[in-house]
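# Secondary and tertiary structure notes
The chain contents come next:
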Amino acid sequence: MHRPLQILAGLTSLFALHAAEITSDDRFVSIGNESLRLTYDLKNGTYSGTDLATDVAVFANARFTVDEMGWKQPEGVTRGWEQAKVADELGSWSQVSITEIPNGGYRPTKTLHLRVHETLPYAVLGFSVKNHREIAARVCRIGIIDKAKFLPNSKLDKPQLLKGGAGAAPNRVETGTEIEAFNNLLVTGKIDGRRHSLVVGGLHYRDFLRKIQLGGKHGELTVTIEDPQGKRIEPGTTYDAVDTVFLDFSTADPFTSLETYGMAVRTANDARPKIYDYPTLCGWMVSTGSYGEGRPLNNSRELVGQMEIAKESGILNYTPVGIRLEPDYYCNRNTGDTQQGWWNDEYWAKYESLVEPYETFGKFCGKIRELGGIPFTYIQTNMPSNDFALAHPEWMLNNDITRLHAEHRHHMPFVKFDFTDPGFQEHTLKMWQRLRKQGLLGIKFDYPESGWCLDGGFEDKTHTTTTAYRKIFELCREGLGEEGYIHERNLGEYGTPCLDVTAGIVDLQRVWGDASHFEPEMASRIGLRWYKNRSVFGYYPDGKSFKKLDTDQRRTMLTLVGLISGRIELGTSFGRMKPEEQRDLTRLYPMFPGTRSFRPVDMLVEGRLDPAVYAYQVEDGWTQLILCNNHDEAATISTPIAGDMAETGSLGLDADASYYLYDFWNDKFLGEIKGGASVSQKLQPRHALVYSLREKKNHPQVLSTNRHAMQGMVDLADVRWDAEKKVLSGTAKVVGGEPFVITIASNGHKVDTASSGHEVTDQGLTRLTLASQKNANVPWSVQWKK
């Protein structure tokens, strides 16, 4: 997953490196660029960071520690430094490495690496540890910034904090300067009337998680690279860590800094999460009475039947569909004997997940694919069947099954698989390879908390808890291939941290427990991770059912889950989906592509528990806008068109322009708005709508379509205005049998000729209607006259 760090040139004399300036004297060594500077005090063994644009000391007296959390060993140390130029996935860096060698005792030799790029606004922090003793050592906690004084000479007014959530961990904007977060953290506020922001978090991931703490009696900042088991370092060897930390305190704008961070994590971990560009029917959810329909559909025969209904309904004209069979026989039945670990057709059929005539995964996947669907399944991550553990005790943690008899919490058995064991790795990899050959395309890992093994017990002692957890998903990725979809349902249960450590392996994380309903925080938990959504992971809030939803509620759910998340999982079967429900669902497909997500522009507005305004800039002059009323009473939701986004929750557009606003779901033109004004709409309780906001031009322009909620982004192509010929033209991706309507603002022009039928509304809009008997890319054009 990671390209090894390359040392391009050792530098023994002091000079300004090509990429960044390094200076030193007898006591201090500094590295920086035009934006930031890091300075290490060789006498005291501490370092500081300064924002050069404002000359603000962001932190001071930071220590670099390795397992130093209590009793202090009395020996002295010798410190030295060297410089080099290094390269990784992110580019070429100047690096200062400060090494601390103990003069005696048992501490290891430790090296702090400070990297700065010539133009990038952030630094990268890394480390190495040399074990100079005759016994192996395990390092568990690296304080890469340990007990630093945060803003030692400044006061941050109205500080706001945002945790870097993962899985189902909550992440709303908080106020104050006290917080503990995994993965990453945003701190933003004002110093002397000027905005300052800090974004710090994990960058490269392999052996360790990241944890950030801010606050305490002395206002300290601590950033740790840690693991419950730690990394084993053999005698006389040096461990050069892959794991690094991203540190940006020079970018004032919090949105820009977080988005820079997200793309850096993507690049560092080669993360390429696949967009689930289709709805997926969950066999388990639809079969339950509380969440779905209470019908026994969660087996291969019934789910093939649902795929047949889907094909007959015509939904495949719009999008493929995923069908997930969940073999979820639980260990509280049959004396603990289940499918888990066996993972083969015999046992999946034994417990009635695979039934005739689709009694093998090959037959099930083959039929789903034949009908135009995408086959998925499910495993319980680390919950071995008792009979499998009996058959293979050597594949369990500690090679120990002596607690097989003991009652345990639901998905925290005492006997667990050892995913570091070579024999079990071979068994698991062959299973994934077999399923791939049988046609499987996606997997849901349920209860991944069971794979977070705090107490070790690994056959391969080189593993940390983190790498052993990653190995679960790495084996799956290797077996299913890059085209496979991998879903990590990490809910953080039983105190397990929700982490980003699977970046670059996993495609999708779930942000909520079992829930077929919708509520605002489901959207905001995803929306406030917009900078990682689509770029590092996909996120979604469990499956959703259409039952008991009126039209507005249904469209609200589809808007907020479909557009903000990018993934829809269904708890309503195709057999019971009403035509109007299916039509609304198809307005989301195909999902819009790319690594960017809707930005929660008002996340820092005081009093906003959940963002009410999300914006996605399609191109200059065109923004897709979601307005949400997250309250239980009707409310007017407003956002300034121009202005400072962090200050006012504005869209950050041109105050001197004018804009057209068009409501997609209600197919309604809402008029022209001046750039110095606000978009303001009254919404019913718990209601959301999507709008197209387009800068007014001096010629005819497209405002919307009826086909897709992105209103022309994915369903129109090659839209252009020929000023000489006065022709507006493009290509529409028309679905066979459905009229495709393009709404056009005439802007002082009249239609001369059109390639298809059209009408002019009483608001002066032109509506062009295209049709085709089958799916086709249909060229269209309208010639105008003044």
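None of the values given here were measured: they were computed from a predicted structure.

### Concerning the sheet that holds strand 17 (residues 209-215)
Taken in spatial order, the nine strands line up as 2-3-4-5-6-11-18-17-14 in an open sheet, and their pairing is antiparallel. Strands at the two margins of the open sheet, each flanked by one partner only, are strand 2 (21-24) and strand 14 (179-182). Averaged over neighbouring strand pairs, the angle between their axes works out to 15 degrees when direction is ignored. Note that strand 4 (residues 36-41) and strand 5 (residues 46-51) share six bridges and pair antiparallel. Residue pairing across strands places Thr39 opposite Ser48, the latter belonging to strand 5.

### Thoughts on helix 5 (residues 361-370)
For helix 5, every residue scored as buried is listed here: Phe361, Phe364, Cys365, Lys367 and Ile368. The buried residues of helix 5 occupy one face: seen down the axis, they fall within an arc of 165 degrees. Buried positions along helix 5 lie against helix 3 (300-313), strand 22 (321-324), helix 4 (345-350), strand 23 (373-380) and helix 7 (422-437).

### A few points about unusual backbone geometry
Of the consecutive residues Glu356 and Pro357, the connecting peptide bond is found in the cis state with omega at 5 degrees. Position of Pro357 relative to the elements: it lies in the loop between helix 4 and helix 5. Following Tyr589, the chain continues to Pro590 via a peptide bond in cis, the omega torsion being 0 degrees. One can find Pro590 in the loop between helix 11 (579-586) and strand 29 (599-600). Here Asp67, not a glycine, exhibits a phi torsion of approximately 55 degrees, which is positive. In this fold, Asp67 is placed in the loop between strand 6 (56-66) and strand 7 (77-88). The partly exposed category is assigned to Asp67, whose relative accessible area is 30%. Residue Asn747 is not a glycine yet carries a positive backbone phi of 50 degrees.

### Description of the packing of helix 10 (residues 551-563) against helix 11
With their axes 10 Å apart at the nearest point, helix 10 and helix 11 run at an angle of 25 degrees to one another. Compared by their axis directions, helix 10 and helix 11 come out roughly parallel. Crossing handedness for the pair helix 10 and helix 11: right-handed. Packed against helix 10, whose contacting residues are Arg554, Arg555 and Leu558, the element helix 11 presents Glu580, Glu581, Asp584 and Leu585 at the interface. For the contact of helix 10 with helix 11, a count of residues per class yields two nonpolar, no polar and five charged.

### Regarding the packing of aromatic side chains
Evaluation of the coordinates by the stated rule reveals 45 aromatic pairs. With a centroid separation of 6.5 Å and 55 degrees between ring planes, the pair formed by Phe208 and Tyr239 is classed as tilted. Here the residue Phe208 occupies a position in the loop between strand 16 (194-202) and strand 17, and Tyr239 occupies one in strand 19 (residues 238-240), the gap between them amounting to 31 residues. Using a relative accessible area of 7% as the deciding quantity, one classes Tyr239 as buried. Taken together, a centroid distance of 5.2 Å and an interplanar angle of 55 degrees make the contact between Trp343 and Phe417 tilted. With a gap of 74 residues between them, Trp343 in the loop between strand 22 and helix 4 and Phe417 in the loop between helix 6 (386-391) and helix 7 connect regions that are remote in the sequence. By relative accessible area, which is 0% here, Trp343 ends up buried. Using a relative accessible area of 1% as the deciding quantity, one classes Phe417 as buried. Ring pairing ties together the aromatic residues Trp342, Trp343, Tyr347, Phe388, Trp395, Phe417, Phe419 and Phe424, which thus form one cluster. Across from the ring centre of Tyr539, 4.9 Å away, lies the NZ or CZ of Arg529, which sits over that ring.

### Thoughts on the side chain of Thr502
Assignment of secondary structure puts Thr502 in the loop between strand 25 (485-488) and strand 26 (508-510). Within the local environment of Thr502, its side chain forms a polar contact with the side chain of Glu488, the two groups lying 2.8 Å apart. Setting aside residues up to four positions removed in sequence, Thr502 forms contacts with Tyr469, Arg470, Phe473, Glu488, Gln509 and Phe537.

Thresholds applied
- Residues numbered from 1 in each chain as written.
- Predicted model: local features only at pLDDT ≥ 70, side-chain atom pairs only at ≥ 80, totals over all residues.
- Heavy atoms only, no water.
- Pairing = 2+ DSSP bridges.
- Helix = DSSP H or I, 4+ residues; strand = E, 2+ residues; numbered from the N terminus.
- Axes fitted to C-alpha atoms, helices over the stretch in contact; angles between N-to-C directions.
- Buried < 20%, exposed > 50% of the residue type's maximum accessible area, 1.4 Å probe, protein only.
- Arc of directions from axis to C-beta.
- Contact = heavy atoms within 4.5 Å.
- Parallel < 35°, antiparallel > 145°, perpendicular 65-115°, else oblique.
- Left-handed = near helix turned anticlockwise from the far one by under 90°.
- Nonpolar A, V, L, I, M, F, W, Y, C, P; charged D, E, K, R; others polar.
- Phe/Tyr/Trp six-rings, centres within 6.5 Å; stacked < 30°, edge-to-face > 60°.
- Lys NZ or Arg CZ within 6 Å of the ring centre and 35° of its normal.
- Polar contact = N/O pair within 3.5 Å; in protein donor to acceptor, adjacent residues only side chain to side chain.

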